[in-house]
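Structural overview for review
Now for the letters of each chain:
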Amino acid sequence: MPAASRRSQAGSGRARLTGSAAFHALAARQTIGYAVGKDMAHPGPRQTKAAFFMSKLCPCGSGLSFADCCGPYIDGAAWPADAETLMRSRYAAYALGRYAWLVESTHPDFREGLSAEKLAEQGKDVHWLRLEMGRCENDAPVGENGELYDTVEFRAFYELDGIPRQLGEKSFFRRKDDKMYYVDGVALTGLQKIDGYYYDFGENGVCPGRAKLNGFYYDSSVQAYRYFTAGVMAI
C-alpha cells in the first residue's frame with residue numbers, strides 16, 4: 001500500500017509503522033564507533049559511562065555534545081519541538097542502540113507490532129556512520145486526502161557486511177497532544193544529487209558504496225538517457 005494510504009489510516013490498526021523497508025530493516029545496533037572509538041570500553045575510574053556518553057559529540061552530526069543535543073530527548077527529559085529535531089534524535093537512537101526512544105517517538109496510532117526488541121534484532125549487523133539532513137517542510141499536503149504533515153528528507157550512511165552504503169528517506173511527522181511524532185516514510189529512490197554529484201538509489205532507496213554514477217543512466221523524470229562521468233552530468 002502506498003505510504004500516503006497508510007498515513008490516511010491512522011488509528012486503523014495497520015501493522016506497518018516504521019517507515020521505508022530499507023530504513024527500519026537496517027535498525028542500528030548499539031555501537032560507539034561513531035565518535036568515541038575504543039575509549040568507550042574504559043571511560044575512566046572517575047567518570048560513569050553515562051557521563052562519558054553525554055560529553056561526546058552527538059551522532060546526529062549537529063556538532064553539539066550529546067547532552068546538549070539529542071541526549072535529553074532519548075533520556076526522556078524533554079521532547080523535540082519540531083520534525084527535524086525529532087528526526088535527528090531518532091537517528092542518534094539508532095546509532096546508540098536506544099530503541100525504546102524509537103518506539104516512544106512513533107505516533108501512537110502507528111505502533112502496532114513495533115517493539116524495541118524487534119528493532120534491535122533487525123539492526124544487529126548494521127554500523128551507522130553519519131546522518132545527512134536534507135529538505136524540511138511544515139504542513140505539507142502529502143496525505144492521500146490532502147492531510148497535512150511535516151516532512152524531513154535525509155540520508156543515512158552505514159556499513160553492512162563490511163561494505164559502506166547509504167539510504168535516503170522522506171519521513172512524515174504529525175502532532176498528537178501537542179507532541180511531534182514520526183508517522184511513516186518513503187525511500188528516496190532513483191537519481192539523487194548529493195553535494196554536486198549524482199548517485200543511483202535504485203528502486204529500494206539504497207546506494208551501495210556511495211558509488212558515483214558513470215556512463216548512461218535513464219532519468220525517468222525527463223524520460224531520457226543522460227551520461228555521467230564520476231557523478232557529474234555530461235548530457
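Residues numbered from 1 in each chain as written. Predicted model: local features only at pLDDT ≥ 70, side-chain atom pairs only at ≥ 80, totals over all residues. Heavy atoms only, no water.

**Topic: the overall build of the protein chain**
Counting its secondary structure elements, the protein chain contains seven helices and 10 strands. Scored against the burial criterion, the 235 residues of the protein chain give a buried share of 45%. Taking the intrachain contacts of the protein chain between residues at least 6 apart in sequence as the baseline, contacts between residues at least 24 apart amount to 50%. When the accessible surface of the protein chain is split by element, carbon and sulfur atoms take 48% of a total near 11,500 Å². (Helix = DSSP H or I, 4+ residues; strand = E, 2+ residues; numbered from the N terminus. Buried < 20%, exposed > 50% of the residue type's maximum accessible area, 1.4 Å probe, protein only. Contact = heavy atoms within 4.5 Å. Areas by Shrake-Rupley, 256 points an atom, 1.4 Å probe, with all protein chains shown as cover.)

**Regarding unusual backbone geometry**
Here the phi dihedral of aspartate 161 falls at roughly 55 degrees; this positive angle occurs in a residue that is not glycine. Residue position: aspartate 161 is located in the loop between strand 2 (148-160) and strand 3 (163-176). Judged by relative accessible area, which is 65%, aspartate 161 ranks as exposed. You will see that aspartate 178, though not glycine, has its phi angle at about 70 degrees, which is positive. Within the element layout of this structure, aspartate 178 appears in the loop between strand 3 and strand 4 (179-187).

**Regarding the side chain of histidine 107**
With respect to the element layout, histidine 107 can be found in the loop between helix 6 (99-104) and helix 7 (116-122). Taking the relative accessible area as the measure of exposure, histidine 107 reaches 2% and is therefore buried. Sequence-distant contacts of histidine 107, that is, excluding residues within four places in its chain, are made with Arg174, Arg175, Lys176, Tyr181, Tyr182 and Val183.

**Things to note about the packing of aromatic side chains**
This structure, assessed with the given rule, holds seven aromatic pairs. For the pair phenylalanine 173 and tyrosine 182, a centre-to-centre distance of 5.7 Å together with 70 degrees between the ring planes defines the contact as edge-to-face. Classification of phenylalanine 173 as buried rests on a relative accessible area of 1%. In this structure an aromatic cluster arises from ring pairing among Tyr91, Tyr94, Trp128 and Tyr158. Sitting over the ring of tryptophan 79, lysine 179 keeps its end group 4.4 Å from the ring centre. (Phe/Tyr/Trp six-rings, centres within 6.5 Å; stacked < 30°, edge-to-face > 60°. Lys NZ or Arg CZ within 6 Å of the ring centre and 35° of its normal.)

**Concerning helix 5 (residues 83-96)**
With 14 residues, helix 5 extends 20 Å between its outermost C-alpha atoms, agreeing within 8% with the 20 Å of an ideal straight helix rising 1.5 Å per residue. Of all 14 residues that make up helix 5, 12 are buried, and the element is covered over most of its length. Listed in full, the buried residues belonging to helix 5 are Ala83, Leu86, Met87, Arg88, Ser89, Arg90, Tyr91, Ala92, Ala93, Tyr94, Ala95 and Leu96. Between the side-chain oxygen of the N-cap and the backbone nitrogen of glutamate 84 there are 3.3 Å, and the N-cap of helix 5 in question is aspartate 82. Glycine 97 sits one or two positions beyond helix 5 and adopts a positive phi of about 70 degrees. (Expected span 1.5 Å × (residues − 1). Polar contact = N/O pair within 3.5 Å; in protein donor to acceptor, adjacent residues only side chain to side chain.)

These figures capture arrangement, not role.
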